[in-house]
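A closer look at the structure
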Amino acid sequence: MRKNLLSTMLSMVATSLMFVSCNPFVIQDWAPIDVYVKVSNAEGQNLLDSATSNNFVNKEISAEWMGETYVADTISLWEKQHMTRTYLPMMNGLMYVTKDGEQMLYFGELAGDGDYDDEPFTIHWPDGSTDVITIKNKTHLSSADRKFKLNGEVVAKDTTRPVISIVK
(Lines give C-alpha, C1' and ligand atoms only; values in the text may rest on other atoms or scores of the structure.)
Protein backbone atom coordinates (compact mmCIF):
# COMPACT_ATOMS: atom_id res chain seq x y z
CA MET A 1 0.00 0.00 0.00
CA ARG A 2 2.77 2.40 0.94
CA LYS A 3 4.66 1.59 -2.25
CA ASN A 4 1.54 2.30 -4.34
CA LEU A 5 0.99 5.62 -2.59
CA LEU A 6 4.61 6.69 -3.14
CA SER A 7 4.45 5.63 -6.78
CA THR A 8 1.20 7.53 -7.29
CA MET A 9 2.60 10.69 -5.67
CA LEU A 10 5.77 10.57 -7.79
CA SER A 11 3.68 10.09 -10.89
CA MET A 12 1.53 13.13 -9.97
CA VAL A 13 4.62 15.28 -9.32
CA ALA A 14 6.18 14.25 -12.64
CA THR A 15 2.94 14.98 -14.50
CA SER A 16 2.61 18.39 -12.79
CA LEU A 17 6.19 19.31 -13.70
CA MET A 18 5.55 18.33 -17.29
CA PHE A 19 2.51 20.61 -17.50
CA VAL A 20 4.28 23.51 -15.83
CA SER A 21 7.42 23.30 -17.96
CA CYS A 22 5.89 22.78 -21.40
CA ASN A 23 2.30 23.92 -21.21
CA PRO A 24 1.28 25.22 -24.66
CA PHE A 25 -1.76 26.94 -23.11
CA VAL A 26 0.06 29.71 -21.28
CA ILE A 27 -2.05 32.80 -20.72
CA GLN A 28 -0.17 36.08 -21.27
CA ASP A 29 -1.47 39.41 -19.94
CA TRP A 30 -0.62 42.57 -21.90
CA ALA A 31 -0.80 46.09 -20.49
CA PRO A 32 -3.03 48.45 -22.49
CA ILE A 33 -1.46 51.04 -24.80
CA ASP A 34 -1.77 54.75 -23.90
CA VAL A 35 -0.56 57.33 -26.43
CA TYR A 36 0.51 60.78 -25.18
CA VAL A 37 1.03 63.70 -27.58
CA LYS A 38 2.95 66.89 -26.79
CA VAL A 39 2.46 69.72 -29.26
CA SER A 40 4.62 72.83 -29.32
CA ASN A 41 5.44 75.72 -31.62
CA ALA A 42 8.84 76.30 -33.26
CA GLU A 43 10.04 78.15 -30.13
CA GLY A 44 9.30 75.09 -27.97
CA GLN A 45 6.25 76.59 -26.25
CA ASN A 46 3.46 74.16 -25.37
CA LEU A 47 0.43 74.86 -27.61
CA LEU A 48 -1.86 73.13 -25.09
CA ASP A 49 -0.89 75.64 -22.39
CA SER A 50 -3.16 78.70 -22.12
CA ALA A 51 -0.11 80.89 -21.33
CA THR A 52 1.24 80.33 -24.86
CA SER A 53 0.08 82.81 -27.49
CA ASN A 54 -1.82 81.29 -30.44
CA ASN A 55 -2.43 78.17 -28.38
CA PHE A 56 -4.88 75.37 -29.19
CA VAL A 57 -6.72 75.61 -25.85
CA ASN A 58 -10.54 75.75 -26.18
CA LYS A 59 -10.26 75.01 -29.91
CA GLU A 60 -11.50 71.78 -31.41
CA ILE A 61 -8.93 69.03 -31.77
CA SER A 62 -10.18 65.72 -33.12
CA ALA A 63 -8.72 62.38 -34.11
CA GLU A 64 -9.73 59.41 -36.21
CA TRP A 65 -8.94 55.83 -35.21
CA MET A 66 -10.31 52.70 -36.85
CA GLY A 67 -13.35 54.42 -38.35
CA GLU A 68 -14.29 56.39 -35.21
CA THR A 69 -13.87 60.13 -34.61
CA TYR A 70 -12.86 61.39 -31.18
CA VAL A 71 -13.01 65.04 -30.07
CA ALA A 72 -10.59 66.14 -27.36
CA ASP A 73 -12.37 66.43 -24.04
CA THR A 74 -11.40 68.19 -20.85
CA ILE A 75 -12.43 65.35 -18.56
CA SER A 76 -9.54 64.65 -16.24
CA LEU A 77 -7.99 61.24 -16.55
CA TRP A 78 -7.18 59.25 -13.48
CA GLU A 79 -3.46 58.52 -13.89
CA LYS A 80 -3.07 54.87 -13.06
CA GLN A 81 -0.55 52.09 -13.00
CA HIS A 82 -1.00 49.55 -15.76
CA MET A 83 -2.74 46.52 -14.45
CA THR A 84 -2.92 43.05 -15.85
CA ARG A 85 -4.69 39.95 -14.57
CA THR A 86 -8.03 39.99 -16.38
CA TYR A 87 -7.88 43.75 -16.88
CA LEU A 88 -9.71 44.83 -20.01
CA PRO A 89 -8.71 48.12 -21.69
CA MET A 90 -11.28 50.89 -21.47
CA MET A 91 -11.40 53.34 -24.38
CA ASN A 92 -11.26 56.80 -22.84
CA GLY A 93 -11.01 58.55 -26.20
CA LEU A 94 -8.99 61.74 -26.78
CA MET A 95 -8.41 63.92 -23.71
CA TYR A 96 -6.42 66.84 -22.39
CA VAL A 97 -4.23 65.66 -19.50
CA THR A 98 -1.36 66.87 -17.37
CA LYS A 99 1.54 64.41 -17.39
CA ASP A 100 4.90 65.14 -15.79
CA GLY A 101 3.77 68.74 -15.24
CA GLU A 102 2.99 69.37 -18.94
CA GLN A 103 -0.29 69.72 -20.81
CA MET A 104 -0.66 66.92 -23.38
CA LEU A 105 -3.23 65.00 -25.33
CA TYR A 106 -3.96 61.44 -24.32
CA PHE A 107 -5.50 58.70 -26.46
CA GLY A 108 -6.37 55.24 -25.23
CA GLU A 109 -6.61 52.71 -23.88
CA LEU A 110 -5.88 50.39 -26.79
CA ALA A 111 -5.79 46.64 -26.31
CA GLY A 112 -2.20 45.68 -25.52
CA ASP A 113 -2.72 42.30 -27.15
CA GLY A 114 -4.44 43.77 -30.22
CA ASP A 115 -2.83 43.28 -33.61
CA TYR A 116 -2.42 46.69 -35.27
CA ASP A 117 -0.44 46.75 -38.50
CA ASP A 118 0.55 50.42 -38.94
CA GLU A 119 -2.99 51.45 -38.04
CA PRO A 120 -3.31 55.23 -38.62
CA PHE A 121 -4.32 57.56 -35.81
CA THR A 122 -4.94 60.92 -37.50
CA ILE A 123 -5.04 64.13 -35.44
CA HIS A 124 -6.86 67.16 -36.89
CA TRP A 125 -5.48 70.41 -35.43
CA PRO A 126 -7.34 73.74 -35.09
CA ASP A 127 -5.02 75.34 -37.68
CA GLY A 128 -6.35 72.93 -40.34
CA SER A 129 -3.26 70.69 -40.42
CA THR A 130 -3.13 66.98 -39.63
CA ASP A 131 -0.55 64.59 -38.25
CA VAL A 132 -0.68 60.83 -38.60
CA ILE A 133 0.63 58.54 -35.89
CA THR A 134 0.74 54.94 -37.07
CA ILE A 135 0.62 52.21 -34.48
CA LYS A 136 2.08 48.76 -34.98
CA ASN A 137 1.47 46.17 -32.29
CA LYS A 138 2.06 42.48 -32.83
CA THR A 139 2.14 40.20 -29.83
CA HIS A 140 3.85 36.85 -29.66
CA LEU A 141 3.72 34.21 -26.95
CA SER A 142 6.14 36.02 -24.64
CA SER A 143 7.03 39.28 -26.40
CA ALA A 144 5.53 42.14 -28.36
CA ASP A 145 6.70 44.13 -31.37
CA ARG A 146 5.56 47.74 -31.00
CA LYS A 147 6.39 50.76 -33.16
CA PHE A 148 4.91 54.22 -33.26
CA LYS A 149 5.53 56.45 -36.28
CA LEU A 150 4.81 60.14 -36.69
CA ASN A 151 4.15 61.03 -40.33
CA GLY A 152 6.16 57.95 -41.44
CA GLU A 153 9.16 58.30 -39.08
CA VAL A 154 9.61 55.92 -36.12
CA VAL A 155 9.39 57.95 -32.89
CA ALA A 156 8.92 55.23 -30.25
CA LYS A 157 9.39 51.48 -29.92
CA ASP A 158 8.73 48.72 -27.41
CA THR A 159 6.57 50.73 -25.02
CA THR A 160 2.93 50.83 -24.00
CA ARG A 161 3.04 54.53 -23.05
CA PRO A 162 4.79 56.52 -25.79
CA VAL A 163 5.06 60.30 -25.53
CA ILE A 164 5.11 61.70 -29.06
CA SER A 165 6.28 65.27 -29.64
CA ILE A 166 4.86 67.31 -32.52
CA VAL A 167 6.07 70.74 -33.60
CA LYS A 168 3.57 73.05 -35.33
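The notes below deal with the structure included here. (Residues numbered from 1 in each chain as written. Predicted model: local features only at pLDDT ≥ 70, side-chain atom pairs only at ≥ 80, totals over all residues. Heavy atoms only, no water.)

In this section: the pattern of salt bridges. Following the criterion strictly, the structure yields 6 salt bridges and no others. Its salt-bridge partner being Arg-161, residue Asp-34 comes within 3.5 Å of it at the nearest N-O pair. Within this pair, whereas Asp-34 is found in strand β1 (residues 33–40), its partner Arg-161 is found in the loop between β9 (153–157) and β10 (163–167), the two being separated by 127 residues in sequence. A salt bridge links Lys-38 to Glu-102; its shortest N-O distance comes to 3.5 Å. (Salt bridge = Lys/Arg side-chain N within 4 Å of Asp/Glu carboxyl O. Helix = DSSP H or I, 4+ residues; strand = E, 2+ residues; numbered from the N terminus.)

Moving on to the sheet that holds strand β5 (residues 102–110). Across the sheet, 4 strands lie side by side as β4-β5-β1-β10; this open sheet has mixed pairing. The sheet terminates laterally at β4 (93–99) and β10, the two strands that pair on one side only. When the angles between neighbouring strand axes are averaged without regard to direction, this sheet yields 30°. Here β1 pairs with β10 via 5 bridges, running parallel. When the bridges of β10 are listed, Val-37 appears paired with Ile-164. (Pairing = 2+ DSSP bridges. Axes fitted to C-alpha atoms, helices over the stretch in contact; angles between N-to-C directions.)

The subject of this paragraph is the packing of aromatic side chains. Enumeration according to the criterion identifies 6 aromatic pairs in this entry. Look at Trp-65 and Tyr-116: their rings are 5.4 Å apart centre to centre, the planes differ by 65°, and that puts the pair in the edge-to-face class. Placement of the pair is Trp-65 in strand β2 (residues 62–65) and Tyr-116 in strand β6 (residues 116–124), with a sequence separation of 51 residues. For the residue pair Trp-65 and Tyr-116, the accessibility class agrees, reading buried in each case. Aromatic side chains Tyr-70 and Phe-107 sit 5.2 Å apart centroid to centroid with 70° between the ring planes, which places their arrangement in the edge-to-face category. In this pair, Tyr-70 sits in strand β3 (residues 68–71) while Phe-107 sits in strand β5, placing the two residues 37 residues apart along the sequence. For the pair Tyr-70 and Phe-107, one class covers both residues: buried. Put simply, the rings of Trp-65, Tyr-70, Phe-107, Tyr-116 and Phe-121 touch in pairs and so form one group of aromatic residues. Positioned above the aromatic ring of Tyr-36, the side-chain terminus of Lys-99 is 4.8 Å from the ring centre. (Phe/Tyr/Trp six-rings, centres within 6.5 Å; stacked < 30°, edge-to-face > 60°. Buried < 20%, exposed > 50% of the residue type's maximum accessible area, 1.4 Å probe, protein only. Lys NZ or Arg CZ within 6 Å of the ring centre and 35° of its normal.)

Attention now moves to the pairing of strand β7 (residues 130–139). Sheet topology note: the β6/β7 ladder contains 7 bridges and is antiparallel. Counterpart to Phe-121 in the pairing with β7 is Ile-133. Hairpin geometry of β6 and β7 is characterised by an intervening segment of 5 residues between the two adjacent antiparallel strands and by a positive phi of about 90° at Gly-128. Here 7 bridges tie β7 to strand β8 (residues 144–150), and the two strands are oriented antiparallel to one another. Each residue of the ladder has a partner; that of Ile-135, found in β8, is Phe-148.

Shape is all these values report; function is a separate question.
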